[in-house]
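# Understanding the architecture of this molecule
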Amino acid sequence: MTQTTAGARPGAGTTRHVEHLMGMPISLALRGRHADTIRGREAWDAVVDELREVDRVFSTYRSDSFISRLGRGELGVDACPPEVAEVLALGRAAEEQSGGAFSVTLPAADGRRLDPSGVVKGWATERAAQHLRALEDTDFCLSAGGDVVCHTAEAARGPWRIGIEHPHDPRSVIAVVPVRSGAVATSGTAHRGAHLVDPRTGRAPDGVASVTVVAASLTWADIDATAAYVHGPDAAHWLESRPIRSALVVWADGTITRVAP
Amino acid sequence: VEITVAGDRITKVSVLQQPNGNPKDVEINDYALPILVQDTLGAQSADIDMVSGATVTSDGYLESLQAALDEAGR
């Protein structure tokens with residue numbers, strides 16, 4: 001399903017697209033020269049096609065994906081597309097930098113199971129955004145299930161305003177962060193079936209309702225948001241050591257901590 | 001550097017270091033902290049382009065804030 005609506009806000013000239021993939025909405029806002037051109041439309045189609053291909057390779061919900069077959073030991077990394085090795089390397093770096101709070105292998109009944117989806121979403125969205133970045137004099141704001149990457153080609157159009165969802169009331173916004181070029185990622189309890197567990201213990205972390213990270217790269221914003229969430233009561237403290245722009249931690253009791261390393 | 005807020009009360013403050021220099025500079029602006037809605041305006045009137053959240057899935061999409069934004073085509 002694709003839905004496209006043209007800009008109504010005076011002077012904004014924002015065009016929007018939405019498509020559902022991998023169980024989540026992929027939303028795009030475009031403004032500037034190619035907001036409403038065929039090239040703009042083709043760039044959006046390329047984003048969707050690329051994310052669909054990523055899902056075919058990386059989905060843990062598809063038994064025939066490369067990742068599922070790799071996890072079952074039916075093939076090696078060498079037999080997979082090169083992106084698989086790239087994602088696994090990112091996963092290893094993330095595990096190292098988070099003291100094990102982030103991992104692409106999670107405890108399972110029979111040892112550990114391979115699940116790189118914590119890397120894939122941010123990484124794939126950032127990578128797919130290259131099609132939009134190629135549009136001259138065009139600003140974009142792309143969200144894959146709440147992980148946002150944006151770019152502003154013309155400063156006069158102002159920053160994108162990203163609303164941070166209230167973890168206890170998803171219909172409202174708890175904070176707004178203006179971003180010209182960069183990424184915003186949020187991790188929390190309600191993430192696709194509450195599958196966020198501490199890779200070291202297999203248990204759901206507590207103390208934190210949601211963590212939002214603003215950073216240059218969506219790949220790392222997403223990884224750091226997830227790792228901080230797993231750090232529980234240490235989330236804000238841990239984020240202070242990270243190369244991020246800022247972060248917002250909403251604790252389980254509703255209090256809020258803003259972090260600016 | 002942290003600010004902790006409970007309800008509408010700031011319960012913990014460390015020195016906030018905002019980057020110095022020309023506020024119009026693109027890079028500097030991108031180091032803005034999230035602005036708490038309770039400090040400024042109601043959530044309903046918060047002017048936003050996109051939603052970052054942990055519950056943005058297709059299941060609850062039709063009821064979501066993101067869907068409202070996508071439909072509004074602002």
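See the structure printed just above.
The following paragraphs examine the structure supplied in this document. Please read these numbers as outputs of a predicted model, since none were measured by experiment.

Residue and element names in this part refer to chain A. Contact geometry for helix 3 (residues 82–97) and helix 6 (residues 218–230): axes closest at 11 Å, N-to-C directions at 45°. Classified by the angle between their axes, helix 3 and helix 6 sit oblique to one another. The element helix 3 and its partner helix 6 pack so that their crossing is right-handed. Between helix 3 and helix 6, the residues in contact are Leu-90, Ala-93, Ala-94 and Gln-97 and Thr-219, Trp-220 and Ile-223, respectively. Class assignment for the residues of the contact of helix 3 with helix 6 results in five nonpolar, two polar and no charged.

Turning to the pairing of strand 13 (residues 256–259) of chain A, a few remarks are in order. Residue and element names in this part refer to chain A. Along strand 13, one buried face is formed by Ile-256 and Arg-258 and the opposite face, lined by Thr-257 and Val-259, is buried too. In terms of strand pairing, strand 12 (residues 246–251) meets strand 13 through four bridges, oriented antiparallel. If you follow Leu-248 over to strand 13, its bridge partner there is Arg-258. Counting the residues that bridge the hairpin from strand 12 to strand 13 gives four residues, and of these Gly-254 lies at a positive phi of roughly 95°.

This part covers helix 1 (residues 38–58) of chain A. If you check helix 1 of chain A, its first and last C-alpha atoms are 30 Å apart, about what 21 residues at 1.5 Å a residue would give, namely 30 Å. Taken together, the buried positions of helix 1 of chain A are Gly-40, Ala-43, Trp-44, Val-47, Val-48, Glu-50, Leu-51, Val-54, Asp-55, Val-57 and Phe-58 of chain A.

Turning our eyes to something else, we now look at the pairing of strand 5 (residues 111–114) of chain A. Residue and element names in this part refer to chain A. With four bridges joining them, strand 4 (residues 105–108) and strand 5 adopt antiparallel strand pairing. From the neighbouring strand, Leu-106 faces strand 5, where its bridge partner is Arg-113. Taking the residues between adjacent antiparallel strands as the criterion, strand 4 and strand 5 are bridged by two residues.

For the rest of this paragraph, the subject is the sheet that holds strand 9 (residues 169–179) of chain A. Read from one edge of the open sheet, four strands run 3(B)-9(A)-8(A)-4(B), paired in mixed fashion. The open sheet has two free edges, formed respectively by strand 3 (35–36) and strand 4 (50–52) of chain B, since each of these has just one partner strand. Of the pairings in the sheet, the one linking strand 8 (residues 160–166) of chain A to strand 4 of chain B comprises three bridges and is parallel in character. By the bridge assignment, Ile-164 of chain A is partnered in strand 4 of chain B with Ser-52 of chain B. Against the sheet, helix 3 (residues 65–72) of chain B touches strand 9 of chain A together with strand 4 of chain B, its axis set at about 165° to strand 4 of chain B.

All names here are of chain A. Enumeration according to the criterion identifies one aromatic pair over all chains in this entry. For the pair Phe-58 and Trp-123, a centre-to-centre distance of 5.6 Å together with 70° between the ring planes defines the contact as edge-to-face. On the criterion of sequence distance, the pair formed by Phe-58 in helix 1 and Trp-123 in helix 4 (residues 117–128) is long-range, its members being 65 residues apart. Given the relative accessible area of 6%, Phe-58 is considered buried. Directly above the ring of Phe-66 sits Arg-69, whose terminal nitrogen or CZ lies 5.8 Å from the centroid.

Conventions used here
- Residues numbered from 1 in each chain as written.
- Chains lettered and ligands numbered in written order.
- Predicted model: local features only at pLDDT ≥ 70, side-chain atom pairs only at ≥ 80, totals over all residues.
- Heavy atoms only, no water.
- Axes fitted to C-alpha atoms, helices over the stretch in contact; angles between N-to-C directions.
- Helix = DSSP H or I, 4+ residues; strand = E, 2+ residues; numbered from the N terminus.
- Parallel < 35°, antiparallel > 145°, perpendicular 65-115°, else oblique.
- Left-handed = near helix turned anticlockwise from the far one by under 90°.
- Contact = heavy atoms within 4.5 Å.
- Nonpolar A, V, L, I, M, F, W, Y, C, P; charged D, E, K, R; others polar.
- Buried < 20%, exposed > 50% of the residue type's maximum accessible area, 1.4 Å probe, protein only.
- Pairing = 2+ DSSP bridges.
- Expected span 1.5 Å × (residues − 1).
- Phe/Tyr/Trp six-rings, centres within 6.5 Å; stacked < 30°, edge-to-face > 60°.
- Lys NZ or Arg CZ within 6 Å of the ring centre and 35° of its normal.

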